[in-house]
Amino acid sequence: MNTLLHFLISFIIIEIVFGDAKSYILLIILFSMLVDLDHIPYLINVKKNVFKRKFGAESRSFLHELLGLSIFSLIICILFFFISLRLLQIISLCILLHFSLDFLFGITRPLYPISNKKISLGIMKREFVYLLEILLTLILLILFLVFFYG
Amino acid sequence: MDKPERTFLGKFSQNFIQKITKNLYLPKINPNKISALSVIFSILFIIFFNYSRILSIFILFLVLLFDFLDGAVAKRYYKEGIEGYIIDVTCDRISEGIIFSIFFFPWFFLFSINLWLTIWSFYNKKHIVIPLRHIFLFYLITFFI
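This is a predicted model, so every value here is computed, not measured.

Caption draft 1: How the structure looks around the overall build of chain B. Across its full length, chain B holds six helices and two strands. Seen in sequence order, chain B has helices and strands lined up from the N terminus as β-α-α-α-α-α-β-α. A compact globule built from 145 residues would reach a C-alpha radius of gyration of about 15 Å, and chain B, at 15 Å, matches this within 12%. Each of the three principal axes of chain B carries a C-alpha extent, and together these read 40 × 35 × 25 Å.

Caption draft 2: Spatial organisation of the nonpolar core. If you look at the biggest cluster of nonpolar residues, it comprises 65 residues, and the most contacted ones within it are A:Ile14, A:Ile28, A:Cys94, A:Ile95 and B:Phe45. Among the secondary structure elements, those contributing two or more residues to this core are helix H1 (3–18), helix H2 (25–33), helix H4 (66–79) and helix H5 (85–105) of chain A together with helix H2 (31–49), helix H3 (53–77), helix H4 (82–103) and helix H5 (107–124) of chain B. For this core, the element with the highest residue contribution is H5(A), accounting for 11 residues. Among all residues touching A:Cys94, those that are not within four sequence positions of it are A:Ser10, A:Ile28, A:Phe31 and A:Ser32.

Caption draft 3: Examining the packing of H3(B) against H4(B) more closely. Residues and elements named next belong to chain B. Between H3 and H4, the least distance of the axes is 11 Å, while the angle of their chain directions is 175 degrees. On the basis of their axis angle, the class for H3 and H4 is roughly antiparallel. Taking contact as the criterion, the partners of Val-63, Asp-67, Asp-70, Gly-71 and Ala-74 in H3 are, on H4, Gly-84, Asp-88, Asp-92 and Ser-95. Of the residues belonging to the contact of H3 with H4, the class tally is two nonpolar, three polar and four charged.

Caption draft 4: Seen up close, the packing of H2(A) against H5(A). Residue and element names in this part refer to chain A. With their axes 8 Å apart at the nearest point, H2 and H5 run at an angle of 35 degrees to one another. Handedness of the H2/H5 crossing: right-handed. Residues Leu-27, Ile-28, Phe-31 and Ser-32 of H2 lie in contact with H5, whose contacting residues are Leu-87, Ile-90, Ile-91, Cys-94, Ile-95 and His-98. Class assignment of the residues belonging to the contact of H2 with H5 gives a composition of eight nonpolar, two polar and no charged.

Caption draft 5: Inspection of the interface of chain A and chain B at higher detail. With 31 residues of chain A at the interface, the matching set in chain B holds 32 residues. Among the secondary structure elements, those contributing two or more residues to the side of chain A that touches chain B are H1, H4 and H5 of chain A. In terms of residue count, H5(A) provides more of the side of chain A that touches chain B than any other element does, 10 residues in total. Residues that form the side of chain A that touches chain B fall into these classes: 23 nonpolar, seven polar and one charged.

Caption draft 6: Geometry of the environment of A:Phe72. All names here are of chain A. Structurally, the position occupied by Phe-72 is in helix H4. The buried category is assigned to Phe-72, around which 23 C-beta atoms lie within 10 Å. Taking C-alpha positions, Phe-72 is 9.8 Å from Val-35, a pair spaced 37 residues apart along the chain.

Caption draft 7: Highlighting unusual backbone geometry. Between A:Tyr112 and the following residue, A:Pro113, the backbone shows a cis peptide bond with an omega angle of 10 degrees. With respect to the helices and strands, A:Pro113 occurs in the loop between strand S1 (107–108) and strand S2 (119–120). For the bond from B:Phe105 to B:Pro106, the omega torsion is 0 degrees, close enough to zero to count as cis. With respect to the element layout, B:Pro106 can be found in the loop between H4 and H5. Although it is not a glycine, B:Phe104 adopts a positive phi angle of roughly 55 degrees.

Rules of the game
- Residues numbered from 1 in each chain as written.
- Chains lettered and ligands numbered in written order.
- Predicted model: local features only at pLDDT ≥ 70, side-chain atom pairs only at ≥ 80, totals over all residues.
- Helix = DSSP H or I, 4+ residues; strand = E, 2+ residues; numbered from the N terminus.
- Rg over C-alpha atoms; globule rule 2.2 N^0.38 Å.
- Core = buried A, V, L, I, M, F, W, Y, C linked by C-beta atoms within 7 Å.
- Buried ≥ 20, exposed ≤ 12 C-beta atoms within 10 Å, placed from the backbone.
- Contact = placed C-beta atoms within 7 Å.
- Axes fitted to C-alpha atoms, helices over the stretch in contact; angles between N-to-C directions.
- Parallel < 35°, antiparallel > 145°, perpendicular 65-115°, else oblique.
- Nonpolar A, V, L, I, M, F, W, Y, C, P; charged D, E, K, R; others polar.
- Left-handed = near helix turned anticlockwise from the far one by under 90°.

See the structure below:
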């Protein structure tokens, strides 16, 4: 799933759950996209046309998998003693929604680096996933504008 | 990579599930799709929690039902493999994380312990996790209704 969609889904779900996503928009942008930063080393290393690059399982580091989630959860648990609960709820929700979307619709290696086994849930064909991604991005973008300016 | 071995309690619960579902009709659906449903319903759970407690408890019950069904369907129609096990375990952890991110203390801490236990399970080939969502369902029924 694309980075914009990760942000839009996090924003809308946080708006529905907490009703105050607007006030935390920078936090949502940061933490819904933070995990995707591990694509950067892949982009630098692979010298192909930027439009032909596929963000498959290889483009992700361990931060995108179960081990990364464990590290993030541990950091969030430590931060519990220092920052407000609402911020932590939003941060954890953004990160978990990112993980869930990537796991549901992409090809991942959940146990990387213990195992390199690639996993795909096969919910729908790849072409439909791309179509769904475009459709969801457009619909949620409209919803986002409604929530933000409405 | 081998599938981690279940503990006595895990084996007992699996045998129990097999006995329950023995004469039950189970649809031949890809069990991975059922696991995916448990993650999607976890998102629905947090969306509905503030609006209707009863509905959200029902959704949580469905999450657990899907978790139960994916194993049962996989056992009956498909050959159990490491791939299905990884998907099941990952979906369980993501589902727990989504549910507990809004309740936080102490649930998110327990979720973090569960994540590390899952990784430890793969290293040591022994499946040890805390059935957090089941405990949480009892907690919700007791304290929120």
